[in-house]
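Chain and residue survey
Spelled out from the first residue to the last, the chains are:
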Amino acid sequence: MANVIVVGAQWGDEGKAKITDLLSKSADYIVRYQGGSNAGHTVVVDGETYKFHLIPSGILYENKICVIGPGTVIDPKILIQEIEDLKTRNIAVKGLKVSTAAHVTMPYHLAIDQAEDRGRGNKKIGTTGRGIGPTYADKADRCGIRMSDLIEAKELEEKVNWLVPRKNVILERLYSLPPEDPKKVFEEYREYGEKLKSFVADTSALIFDAIKNKKNILFEGAQGTLLDLDHGTYPYVTSSNPVAGGACIGAGIGPTSIDRVIGVSKAFTTRVGEGPFPTEVFGREADELRATGTAWAEFGTTTGRPRRVGWLDLVLLRYAVRVNGLDCLALTKIDVLDNLDEINICVAYEDSLTGAKYYDLPLASGIFKRVKPIYETLKGWKTSTNKCRASNELAPNAQKYMDRIQEILEIPIAIVSVGHKRHHTIIIEDPIHGPKRVLQKG
Ligand code: GDP
Ligand code: IMO
Ligand code: MG
């Protein structure tokens, strides 16, 4: 048995859902531990495309328990929509469990998130507008509404009557927005609570029992390492902890129960929203990169915004290895690079002001926003990888590309994804049961 965390190693959208779906086959429980409906997780199975915001990607398998943990924030409207969508597509949701302790995104959170980001002008974050920051802010401020409140009408009414008038002051005075009617909010959310009641449970106890019974648990991260509130490119981050350490807090289990951590990275880099991005490419170079192959389709799953694109940044990934304690990597979308003559990888940064070189991410200071990438240029493989099912079927230059990545990161690539479907995958070594690699004692 093994308990495994799947974590985004970049700025989100690395293809975590594809990897989670793949690994879910051998898991009993699949647990989302942070984030909310800002996530957009795409899984393609049997020609059908599923886009999840809150429900763990493992739901497509029968007889799995899929947990939305205490560290998440839930927009009940979106969760109900997702449940209904799955039911219409004949996917059973009986294994879905939602934590009593997860916080609820309320209408004022959505309004404040959108108005606040608009009002920031050139300091805007480019949030998904899904109310994530304000929901987590209320959680930290101890005035949040939790799933346990949502399903108890009396609790909900009391909290709505307390909170809505206070939020109305902010909505009206700070953002010149119309106030919300507490009665209407209560009625609407009471109904959501009724619909979700049967799914709500003490999921931390559930997971503990599962661990005791030697079940296999897969923890599915949302967003990515560089969007982490504490360890990402602050303030251009989300309001939760996507890093592997967040899985313990967000699921309510101890770190001693974790066996392995798998990082997911694209074979290049993308970012949605604002913030520094040293290897970003623009203009013709970006268009060429985007136009490569037909599979690129770099548009945000949740907002539909075009993703910013750039070369693979190994300084950033080395940091992801460090802060997550990655044991191995799943490298996705390698097929997107199939047609390129040459491919750049960033191996270090240079401070554009002082000329100093950096091999580790200079995040603590303001230096990160002014670094320039130092590239190594590798030859492209100019042949399709999409039909490869074993690493020795990959063109020698594709293998060289992966060798160089492994050499610099000092962890192996266990999975290579060569297309968006389940079978577009090369398993190089067992991603779940392989040896632990980072900072082993003894
Ligand atoms: P997540 O948020 O990390 O789960 O990633 P998203 O679902 O937001 O974005 C990843 C996109 O890439 C989705 O459209 C996937 O279907 C697609 N995808 C995943 N792996 C591959 C791959 O190896 N090749 C290609 N071409 N697309 C992939
Ligand atoms: P998945 O799970 C990519 C980005 C937003 C913005 C910043 C803050 O699909 O990888 P927020 O709405 O969270 O307050 O926005 O974080 N962001 C994501 N980018 N993938 C995601 O999720 C993201 N979730 C949030 O674009 O820059
Ligand atoms: Mg996504």
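These lines cover the structure that appears in this document, whether it is placed above or below.

What counts as what
Residues numbered from 1 in each chain as written. Chains lettered and ligands numbered in written order. Predicted model: local features only at pLDDT ≥ 70, side-chain atom pairs only at ≥ 80, totals over all residues. Heavy atoms only, no water. Helix = DSSP H or I, 4+ residues; strand = E, 2+ residues; numbered from the N terminus. Rg over C-alpha atoms; globule rule 2.2 N^0.38 Å. Contact = heavy atoms within 4.5 Å. Lys, Arg positive; Asp, Glu negative; His and termini not counted. Charge placed at Lys NZ, Arg CZ, Asp CG, Glu CD. Pairing = 2+ DSSP bridges. Core = buried A, V, L, I, M, F, W, Y, C linked by side-chain atoms within 4.5 Å. Buried < 20%, exposed > 50% of the residue type's maximum accessible area, 1.4 Å probe, protein only. Domains from an automatic or database assignment. Near = heavy atom within 4 Å. Polar contact = N/O pair within 3.5 Å; in protein donor to acceptor, adjacent residues only side chain to side chain. Donors = N, O, S within 2.8 Å, 3.2 Å for Na, K, Ca; no water. Patch = residues over 30% accessible without salt bridge, like charges linked within 9 Å, V, L, I, M, F, W, Y side chains within 5 Å. Areas by Shrake-Rupley, 256 points an atom, 1.4 Å probe, with all protein chains shown as cover. Salt bridge = Lys/Arg side-chain N within 4 Å of Asp/Glu carboxyl O.

Some points on the overall build of the protein
For the protein, the count of helices and strands is 12 helices and 20 strands. Computed over its C-alpha atoms, the radius of gyration of the protein comes to 22 Å, within 12% of the 22 Å expected for a compact globule of 442 residues. Reported as C-alpha extents along the three principal axes, the dimensions of the protein are approximately 65 × 50 × 45 Å. Counted over contacts in the protein with a minimum sequence separation of 6, partners at least 24 positions apart contribute 76%. Each charge class in the protein was averaged separately, 58 positive and 56 negative side chains, and the resulting centres sit 1 Å apart.

Some details on the sheet that holds strand β2 (residues 29–32)
The pairing of strands in a sheet happens through backbone hydrogen bonds and is either parallel or antiparallel. Spatially, 10 strands are ordered β9-β7-β5-β2-β10-β1-β11-β15-β19-β20 in an open sheet, and the strand pairing comes out mixed. Looking at which strands have only one partner, the edges of the open sheet turn out to be β9 (200–201) and β20 (425–427). Here four bridges tie β2 to strand β10 (residues 217–220), and the two strands are oriented parallel to one another. Bridge assignment links Y29 to a residue of β10, and that residue is I217.

Structural notes on the nonpolar core
Counting residues in each nonpolar core, the largest one holds 61 residues, and the members touching the most others are L60, L79, L86, L96, V98 and M147. Here this core gathers at least three residues from each of two domains, domain 1 (3–73 + 206–427) and domain 2 (103–198). Judged by nonpolar contacts, the second largest core, of 56 residues, contains I217, F268, I343 and L394.

Description of the site of ligand 2
Contacts to ligand 2 come from 20 residues, most closely from D13, K16, H41, T128 and T238. One of the side-chain nitrogen or oxygen atoms of H41 is found 2.7 Å away from an oxygen atom of ligand 2. One of the backbone nitrogen or oxygen atoms of V272 is found 3.1 Å away from an oxygen atom of ligand 2.

Some words on the coordination of the magnesium ion (ligand 3)
For a metal bound by four donors in tetrahedral geometry, the ideal donor-metal-donor angle is 109.5 degrees, whereas six donors in octahedral geometry ideally sit at 90 or 180 degrees. Those protein atoms acting as donors to the magnesium ion (ligand 3) are D13 (OD) and G40 (O), and they sit at 2.0 to 2.2 Å. Residue D13 is located in the loop between β1 (3–8) and α1 (16–24), and its partner G40 is located in the loop between β2 and β3 (41–45); the two are separated by 27 residues in the primary sequence.

Regarding a nonpolar patch on the surface
There is a patch of nonpolar side chains on the surface, built from V169, I170 and L174 and spanning about 250 Å² of accessible area. Note that I170 resides in helix α6 (residues 153–174).

Quick word on the side chain of T72
Relative to the helices and strands, T72 is located in the loop between β5 (65–68) and β6 (73–74). For T72, a relative accessible area of 0% corresponds to the buried category. At 2.7 Å, the side chain of T72 forms a polar contact with the backbone oxygen of G69. Once residues within four sequence positions are removed from consideration, T72 is found in contact with R32, Y33, Q34, G35, A102, H103 and Y136.

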